[in-house]
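Structural overview
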Amino acid sequence: MMRTHPLEWRIRTPEGVTFTYELAGPIYRALAWGIDVAVIVVVGWGIQIVTLPVQFISMDAAAGLIILLYFLASVGYAVLLEWLWRGQTLGKRLLGIRVQDAYGLRLRFSQVLIRNLFRAVDNLPVLYLVGVASMLCTRRAQRLGDVAGNTMVVRIPRPLRPDLSQVTPPIYNSLRDQPHIAARYRQLVTPREASLALQAVLRRDQLDAAARVEVFQELARYFRGLVHLPEEVVRGVTDEQYIRNLVDVLYHASPNVPKREGDVVFRSPL
Amino acid sequence: MIIDLDRFVREERPTWQELEKMVRRLEDDALARLNLEEAQRFHYLYERTTSDLARLSTFAFDPDTRRYIESLVGRAYALIHDMREQPHRFRPMHWFFGTLPRVFRKRWRAFVVASGAVLIGSLFGAAVIMVDEEMRTVLFPFSHLHVHPSERVAQEEEGAPESLDGVRATFSSQLMTHNTRVAIFCMALGITWGFGTLVILFYNGVILGAVAADYIMAGELLFLLGWLLPHGVVEIPAFIIAGQAGLVLAHSLIGRGDRRPLGKRLRDDAGELATLIGGVAILLVWAGIVEAFLSQYHEPLVPYGLKIAFGLVELVLLAAFLIWCGRRGRGREA
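Keep in mind it's a predicted model, so treat the numbers as computed, not measured. (Residues numbered from 1 in each chain as written. Chains lettered and ligands numbered in written order. Predicted model: local features only at pLDDT ≥ 70, side-chain atom pairs only at ≥ 80, totals over all residues. Heavy atoms only, no water.)

**A look at the overall build of chain B**
- Scanning chain B from terminus to terminus reveals 12 helices and 0 strands.
- Across chain B, helices and strands are ordered from the amino to the carboxyl terminus as α-α-α-α-α-α-α-α-α-α-α-α.
- Relative to its full complement of 334 residues, chain B shows a buried share of 51%.
- Restricting the contact set of chain B to residue pairs at least 6 apart, pairs at least 24 apart contribute 78%.
- When the accessible surface of chain B is totalled, it reaches about 16100 Å², and 64% of it is carbon and sulfur. (Helix = DSSP H or I, 4+ residues; strand = E, 2+ residues; numbered from the N terminus. Buried < 20%, exposed > 50% of the residue type's maximum accessible area, 1.4 Å probe, protein only. Contact = heavy atoms within 4.5 Å. Areas by Shrake-Rupley, 256 points an atom, 1.4 Å probe, with all protein chains shown as cover.)

Put into structure tokens, the structure is as follows:
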């Protein structure tokens, strides 16, 4: 297991295959917790309404019941939902994040319970300052509850299939004549880099002329440096055209891709 | 090298679909079991898909297909590499009368250390009060303890418990929730390598020892026992067990003499921590009920002898529960 990007955690299986989790940062987690707190407040109102009939019998019993139920709701809300929804509360679901075992294994109830009970310490002195400090100091952006439960919070990738209809395939793409070079690019270019090139192509009309030239010049310089290109591939091709050719071979390689990936579970592109 | 990605996806599609179907089935039902044939098939599909991911990562680029396979492999990995006993349906009675006392006994050393911290704190608190009685205003967190013990006993026996009439259920709930919060905090402070847990235990020991010494020096031992024993014999051990859980966590963090990696130690011990703190919560619920509905009644309403006897019976039952329960089921449960 290793950390690659500041907010990524890569797990290497015994079979030698790696897969990557994108870690959720403090802002995402704070927003999710804010939603959860709002839900708990609403549940608190619900408890008061539900216990209304008890108040007619005994105010004392009703007050005692409200205290107990609210305590159970505030402690049990996250525990129950994270257990039933495989690491997600309502806030986490809306923000697209989930709790994950730090080894990539199945999340256990005891882990969920421990990480949530530790909010008592993470919340010190106020507003989860200890928790945030811990997240900034640990490799997997863990608050103390995550450390104790050996969990981490990851973002659920929701990559929308880019609208490639806006990327008109070039009439002639010199890279397509060199399948081994196209394959080499597919091997070397990371998804982030590919996304960067694609975004540059999609937004090129929003740039002013000088910036447009500069952006594509930088990108072309970088991508040309990755693979040795024969003269006939680059001759007469502008930087912008070269990046469009590259995006074409990267993204038009397979039509069998999902329109949109789902929640925790990726929808099959099949 | 994959040159024709379309063909590759087309050929491998049935494998991924089948694996995804099995993964979904296992994820959705924690009690689902595979027979030998299914397990072999699942393993084959997983191996083949990881191989596909390796090929995709090394020889081709297609972010969406790759992310999909990564996600699928990640989910299958969680299922196939988790060697611990699969979760079974939770049986509350089995857990309470079997798992809880077994975990308590397994971690008895942590309990002894936690008890030691409380005991040392108690001796210190008692010594402070014996040296200077006026320290009660500094040490005692509750204002009703600031008055001289004899004065308070006189007040209580004249009918002070009536002040709780009409709010007993509220008082009981407040006790339960407050004590549970403190116990959780005590356990969670184990994250400070046990230092915070020991400080909390020591501090509570100081208050306990100081109160006890104050009442004994005032000749109010009988009142003290009648007041504290009914709920204290459950509440104090519960609090020490919370400290025990904190020290178990500290032990996992420090890992002295344990060659497992930190993450694995914490993951393996999480179940025991959850069991201990769950047991603490139940004990504190009982203590809260007793404290609100019995401990606050004094003579002449309830004889001290009866209250003390009740407390001693509770103590014996608790000790028997922790020492003897679950012995027959040993080894059957992880």
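**Details of the packing of aromatic side chains**
- Counted according to the given criterion, the structure contains 13 aromatic pairs over all chains.
- An angle of 75° between the planes, with centres 6.1 Å apart, marks the rings of A:Trp33 and A:Tyr128 as edge-to-face. A residue pair is termed long-range when its members are at least 10 positions apart, and A:Trp33 in helix α1 (residues 26–50) and A:Tyr128 in the loop between α6 (119–122) and α7 (129–137) qualify at 95 residues.
- When the ring of A:Trp83 is compared with that of A:Phe109, the centres are 5.8 Å apart and the planes differ by 75°; the resulting orientation is edge-to-face. Of the two residues, A:Trp83 is situated in helix α3 (residues 59–84) and A:Phe109 in helix α5 (residues 109–117); the sequence distance between them amounts to 26 residues.
- Residue A:Trp83 is classed as partly exposed on the basis of its relative accessible area of 32%.
- Against the face of A:Trp33 rests A:Arg119, its NZ or CZ located 3.9 Å from the ring centre.
- Looking at B:Arg152, its charged tip hangs above the ring of B:Trp227, at a distance of 4.2 Å from the centre. (Phe/Tyr/Trp six-rings, centres within 6.5 Å; stacked < 30°, edge-to-face > 60°. Lys NZ or Arg CZ within 6 Å of the ring centre and 35° of its normal.)

**Things to note about the pattern of salt bridges**
Residue and element names in this part refer to chain A.
- Counted by the stated rule, this structure contains 22 salt bridges over all chains.
- Here Lys-92 makes a salt bridge to Glu-82, at a shortest N to O gap of 2.9 Å. Linking Lys-92 in helix α4 (residues 90–95) with Glu-82 in helix α3, this pair joins segments that are 10 residues apart in sequence.
- Among the residues examined, Lys-92 registers a relative accessible area of 7% and is labelled buried. (Salt bridge = Lys/Arg side-chain N within 4 Å of Asp/Glu carboxyl O.)

**A short note on a nonpolar patch on the surface**
Residue and element names in this part refer to chain A.
- There is a patch of nonpolar side chains on the surface, built from Val-37, Val-41, Val-42, Trp-45 and Tyr-70 and spanning about 450 Å² of accessible area.
- Within the secondary structure, Val-37 sits in helix α1.
- Residue classification places Val-37 among the partly exposed residues on the basis of a relative accessible area of 35%. (Patch = residues over 30% accessible without salt bridge, like charges linked within 9 Å, V, L, I, M, F, W, Y side chains within 5 Å.)

**Thoughts on helix α10 (residues 221–254) of chain B**
Residues and elements named next belong to chain B.
- For α10, with 34 residues, the first-to-last C-alpha span of 42 Å runs short of the 50 Å given by 1.5 Å per residue.
- The sharpest bend along α10 reaches about 55° and sits at Gly-232.
- With 27 of its 34 residues buried, α10 lies for the most part within the structure.
- At the C-terminal side of α10, Gly-255 shows a positive phi close to 65°. (Expected span 1.5 Å × (residues − 1). Bend = angle between axes of the 7 residues up to and from the residue.)

**A few points about the side chain of B:His231**
- Inspection of the secondary structure puts B:His231 in helix α10.
- A distance of 2.7 Å separates the side chain of B:His231 from the side chain of B:Ser295, its partner in a polar contact. (Polar contact = N/O pair within 3.5 Å; in protein donor to acceptor, adjacent residues only side chain to side chain.)

**Side note on helix α4 (residues 92–106) of chain B**
All names here are of chain B.
- The terminal C-alpha atoms of α4 lie 20 Å apart, and with 15 residues this matches the ideal 21 Å at 1.5 Å per residue to within 8%.
- The sharpest bend along α4 measures roughly 30° and falls at Thr-99, with the proline Pro-101 sitting one to four residues further on.
- Every buried residue of α4 is accounted for by Trp-95, Phe-96, Gly-98, Thr-99, Leu-100, Pro-101, Arg-102, Val-103, Phe-104 and Arg-105.
- For α4, the secondary structure elements touched by its buried residues are α5 (108–131), α10, α11 (262–295) and α12 (304–324).

**Quick notes on the nonpolar core**
- Formed by 62 residues in total, the largest nonpolar core has its most connected members in A:Phe118, B:Ile191, B:Leu201, B:Ile241, B:Leu249, B:Ile277 and B:Val280.
- Counting residues per element, this core draws most heavily on α10(B), which supplies 13 residues.
- Excluding residues that lie within four positions of it along the chain, B:Ile277 makes contacts with A:Leu113, A:Leu117, B:Ala183, B:Ile184, B:Met187 and B:Ala242.
- By size, the runner-up hydrophobic cluster in this structure holds 31 residues, among which are A:Val17, B:Val9, B:Phe42 and B:Leu79. (Core = buried A, V, L, I, M, F, W, Y, C linked by side-chain atoms within 4.5 Å.)

**A few points about the environment of B:Thr15**
All names here are of chain B.
- Mapped onto the elements, Thr-15 comes out in helix α1 (residues 5–28).
- The class for Thr-15 is buried, based on a relative accessible area of 8%.
- Placed 31 residues apart in sequence, Thr-15 and Tyr-46 show a C-alpha to C-alpha distance of 8.9 Å.
- Not counting chain neighbours up to four residues away, the residues in contact with Thr-15 comprise Leu-45, Arg-48 and Thr-49.

**Digging into the environment of A:Val132**
- For A:Val132, the position within the fold is in helix α7.
- Along the chain, A:Val132 and A:Arg143 lie 11 residues apart, while their C-alpha atoms are 6.5 Å from each other.

**Observations concerning the packing of α10(B) against α11(B)**
Residues and elements named next belong to chain B.
- The interhelical angle for the contact between α10 and α11, taken along N-to-C directions, is 170°, at an axis separation of 8 Å. The angle between α10 and α11 places the two elements in the roughly antiparallel class.
- Residue composition of the contact of α10 with α11, by class: 23 nonpolar, 4 polar and 4 charged. (Axes fitted to C-alpha atoms, helices over the stretch in contact; angles between N-to-C directions. Parallel < 35°, antiparallel > 145°, perpendicular 65-115°, else oblique. Nonpolar A, V, L, I, M, F, W, Y, C, P; charged D, E, K, R; others polar.)

**Some points on the side chain of A:Arg119**
All names here are of chain A.
- Among the secondary structure elements, Arg-119 is positioned in helix α6.
- No salt bridge is formed by the buried Arg-119. Its closest oppositely charged neighbour is Glu-82, at 4.1 Å.
- Among the polar contacts made by the side chain of Arg-119, one reaches the side chain of Asn-116 at a distance of 3.0 Å.
- The contacts of Arg-119, once residues within four sequence positions are left out, are Trp-33, Ala-78, Glu-82, Lys-92, Tyr-128 and Arg-143. (Lys, Arg positive; Asp, Glu negative; His and termini not counted.)

**Overview of the confidence of the model for chain A**
- Summary statistics for chain A give a mean pLDDT of 82 and a share of 86% for residues scoring 70 or more.
- Between residues 254–270 of chain A, whose pLDDT stays under 50, and residues either more than four places distant or in other chains, the model counts 65 contacts. (pLDDT = per-residue confidence, 0-100.)

**Concerning the confidence of the model for chain B**
- In this model, chain B carries a mean pLDDT of 85, and residues with pLDDT of at least 70 account for 88%.
- In the model of chain B, helix α6 (residues 136–139) of chain B stands out as the element of lowest mean pLDDT, 77, in contrast to α5(B), which has the highest, 95.

**Comments concerning the environment of B:Leu201**
Residue and element names in this part refer to chain B.
- Residue placement: Leu-201 occurs in helix α9 (residues 195–217).
- Between the C-alpha atom of Leu-201 and that of Val-118, which follows or precedes it by 83 residues, the distance is 5.3 Å.
- Apart from residues no more than four positions distant in its own chain, Leu-201 is found in contact with Ala-114, Ala-117, Val-118, Cys-186, Phe-239, Ile-240 and Gly-243.

**A closer look at the pairing of strand β4 (residues 97–101) of chain A**
Residues and elements named next belong to chain A.
- Burial analysis of β4 places 5 of its 5 residues in the buried class, which makes it a mostly covered element.
- Going residue by residue along β4, you find Ile-97, Val-99 and Asp-101 tucked away on one face and Arg-98 and Gln-100 tucked away on the opposite face as well.
- As paired elements, β4 and strand β5 (residues 151–155) share 5 bridges and run antiparallel to each other. Counterpart to Gln-100 in the pairing with β5 is Met-152. (Pairing = 2+ DSSP bridges.)

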